[in-house]
Protein chains: 2
Amino acid sequence: MDINKKSSVKTDSKGRKKVINACIEPCAIEKGMRLIGGKWKGSILWHLKDAPVRFNDLTRMLGGASKKMVDQRLKELEAENMIIRKVLSERPVAVTYELTEFGRSALGILDTLRQWSEDHSIAIR
Amino acid sequence: MDINKKSSVKTDSKGRKKVINACIEPCAIEKGMRLIGGKWKGSILWHLKDAPVRFNDLTRMLGGASKKMVDQRLKELEAENMIIRKVLSERPVAVTYELTEFGRSALGILDTLRQWSEDHSIAIR
DNA sequence: CGGTATCCTCTACGATACTG
DNA sequence: CAGTATCGTAGAGGATACCG
């Protein structure tokens, strides 16, 4: 679905047309969620906060994510300009991923979320 | 700041750093994401920030979400103690949803996310 | 090591219709 | 109005094997 759609026109059962305004603010929230939300993206970014990390190390850190998933998320994050993939050597193969400035700019949100989540861990479960 | 307190970092023979147990913090992030992440949850909470909202109004506000989805998310949020469902009248049926204190405590994160998302809307696309 | 390629299941989500 | 019920599809995600 097109999330950038600002409004849509619908016709009800009596043939009347209604313009439904999708709101700007929540769209920003949805948009943001698409960048740092999702199953592993926030965690991946968080793991890169201190230093570049290699692919397999990252996969291990996430403990529970398959290579495929990590690979997919990494590609998304790279396409979104949140991380950079760097090939360190060809033989043996060595690759690291690190945050861009943009990626780094999301760390504050993630830290707040982490803090909030920990503070309310009892309420959460 | 000492955030990864539960993690241990080791250095191998080639001077590379390895994080051995780093899944504590990301788990908090994943946990938090499950509460306010997902497709509509953040937006729903955000829409309730000022006042209680009725079911159909909320659905319309989200413009694009089906009743079924809204219903499901609302039930999740209620189970998670983020919102409260209140029956105003039986005939005609009138129900509102409003934030709990816990739900309200998430607004800061959502606002930061919204701000961040808007600020970087160009980078995002 | 850093991925791809397959296959497969499961559920998220949408569309539509119906109900008290 | 505030949901349920039902059906259908797309894709998310796991398991496993393979590759340069």
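For clarity, every value in this text was computed on a predicted model and none was experimentally measured.

1. Some remarks on the overall build of chain A
Tallying secondary structure elements over chain A gives 7 helices and 5 strands in all. The N-to-C order of helical and strand elements in chain A reads β-β-α-α-β-α-α-β-β-α-α-α. The proportion of buried residues among the 125 residues of chain A is 44%. Sequence separation of at least 24 residues holds for 41% of the intrachain contacts in chain A that already meet a minimum separation of 6.

2. A closer look at helix α6 (residues 107–119) of chain A
Over its 13 residues, α6(A) runs 18 Å from end to end, which matches the ideal 18 Å to within 8%, given 1.5 Å per residue. A:L107, A:I109, A:L110, A:L113, A:R114, A:W116 and A:S117 are the residues of α6(A) that are buried.

3. Description of the protein's contact with DNA strand D
In the region of DNA strand D, 20 residues are neighbours, and A:K68, B:R54, B:K75, B:R85 and B:Y97 sit closest. Within 4 Å of the protein, the atoms of DNA strand D are drawn from sugar and phosphate moieties in a proportion of 62%. Between DNA strand D and B:R85 there is a distance of 2.8 Å, counted from a phosphate oxygen to a side-chain nitrogen or oxygen. Taking B:V95, its main chain carries an N or O atom lying 2.9 Å from a phosphate oxygen of DNA strand D. For the surface near DNA strand D, the secondary structure elements donating two or more residues are α4 (67–79) of chain A together with α3 (55–62), α4 (67–79) and β5 (94–99) of chain B. Ranked by the residues each element gives to the surface near DNA strand D, the list is headed by α4(B), at 4 residues. Of the residues assigned to the surface near DNA strand D, the class counts are 7 nonpolar, 3 polar and 10 charged.

4. Examining the sheet that holds strand β5 (residues 94–99) of chain A
All names here are of chain A. Sheet architecture is open: 3 strands sit in the order β3-β5-β4, paired in antiparallel fashion. The outermost strands of the open sheet, each flanked by one partner alone, are β3 (53–54) and β4 (83–89). Two elements, β4 and β5, share 6 bridges in a ladder whose sense is antiparallel. Paired with I84 across the strands is E98, a residue of β5.

5. Some thoughts on unusual backbone geometry
All names here are of chain A. Cis geometry is found at the peptide bond from R91 to P92, where omega equals 5 degrees. Positionally, P92 belongs in the loop between β4 and β5. For N81, which is not a glycine, the phi torsion comes out positive at approximately 70 degrees. By secondary structure assignment, the location of N81 is in the loop between α4 and β4.

6. Focus: the packing of α3(B) against α4(B)
Residues and elements named next belong to chain B. Their axes nearest at 10 Å, the elements α3 and α4 cross at an angle of 110 degrees. The angle between the axes of α3 and α4 places the two elements in the roughly perpendicular class. Pair α3 / α4 crosses with right-handed handedness. Contacts between α3 and α4 involve F55, N56, L58, T59 and L62 from the first element and K67, V70, D71 and L74 from the second. Of the residues that constitute the contact of α3 with α4, the class distribution is 5 nonpolar, 2 polar and 2 charged.

7. What to know about the nonpolar core
Counting 59 residues, the largest nonpolar core has A:I36 and B:I36 as its most contacted members. Sequence-distant contacts of B:I36, that is, excluding residues within four places in its chain, are made with A:M33, A:L113, A:W116, B:K41, B:G42, B:L45, B:M82, B:A106, B:I109 and B:L110.

8. Describing the sheet that holds strand β4 (residues 83–89) of chain B
The 3 strands are arranged β3-β5-β4 (chain B) in an open sheet whose pairing can be described as antiparallel. This sheet does not close on itself; its edge strands, each paired only once, are β3 (53–54) and β4 of chain B.

9. With respect to the protein's contact with DNA strand C
In the neighbourhood of DNA strand C, 19 residues make up the surrounding shell, with A:D71, A:K75, A:Y97, B:K68 and B:R73 lying closest. Each atom of DNA strand C within 4 Å of the protein was assigned to sugar, phosphate or base; sugar and phosphate come to 61%. At 3.0 Å from a base nitrogen of DNA strand C is found a side-chain nitrogen or oxygen belonging to A:K67. Here a phosphate oxygen of DNA strand C sits 2.6 Å away from a polar atom, N or O, in the side chain of B:R73. If you list the elements that add at least two residues to the surface near DNA strand C, you get α3 (55–61), α4 and β5 of chain A together with α4 of chain B.

Calculation criteria
Each chain carries its own residue numbering, running from 1 in the written order of its sequence. Labels are handed out in written order, letters beginning with A for the chains and numbers beginning with 1 for the ligands. Whole-chain, interface and lining totals are the exception, using all residues; otherwise, since this is a predicted model, local features are given only for residues with pLDDT of at least 70 and side-chain atom pairs are given and counted only at 80 or more. Only hydrogens and water are removed before side-chain values are computed, so all heavy atoms of the structure are retained for them. A run of DSSP states H or I qualifies as a helix once it reaches four residues; a run of E qualifies as a strand once it reaches two. Both are numbered from the N-terminal end. Note on classification: 1.4 Å probe, protein chains only; a residue is buried when its accessible area is under 20% of the maximum for its type, exposed when over 50%, partly exposed between these limits. Residue contacts are counted whenever heavy atoms from the two residues lie within 4.5 Å of one another. The length a helix should cover is 1.5 Å for every residue beyond the first. One heavy atom within 4 Å of a molecule or strand is enough for the residue carrying it to be called near that molecule or strand. Pairs of N or O atoms are called polar contacts if they sit within 3.5 Å, as long as, within protein, a hydrogen donor faces a hydrogen acceptor (for residues adjacent in sequence, only side-chain-to-side-chain pairs). Side-chain classes follow a simple rule in which Ala, Val, Leu, Ile, Met, Phe, Trp, Tyr, Cys and Pro form the nonpolar group, Asp, Glu, Lys and Arg form the charged group, and the remainder, Gly included, forms the polar group. Strands are labelled as partners when DSSP assigns at least two bridges between them. Orientation is described by axes fitted as lines to C-alpha atoms, over the contacting stretch for helices, and by angles from 0 to 180 degrees between their N-to-C directions. Each angle gets one of four labels, with under 35 degrees taken as roughly parallel, over 145 as roughly antiparallel, 65 to 115 as roughly perpendicular, and the rest as oblique. A crossing counts as left-handed when the near helix is turned anticlockwise from the far one by less than a right angle, and as right-handed when that turn is clockwise. What is meant by a nonpolar core is a set of buried Ala, Val, Leu, Ile, Met, Phe, Trp, Tyr and Cys residues, joined one to another through side-chain atoms within 4.5 Å.

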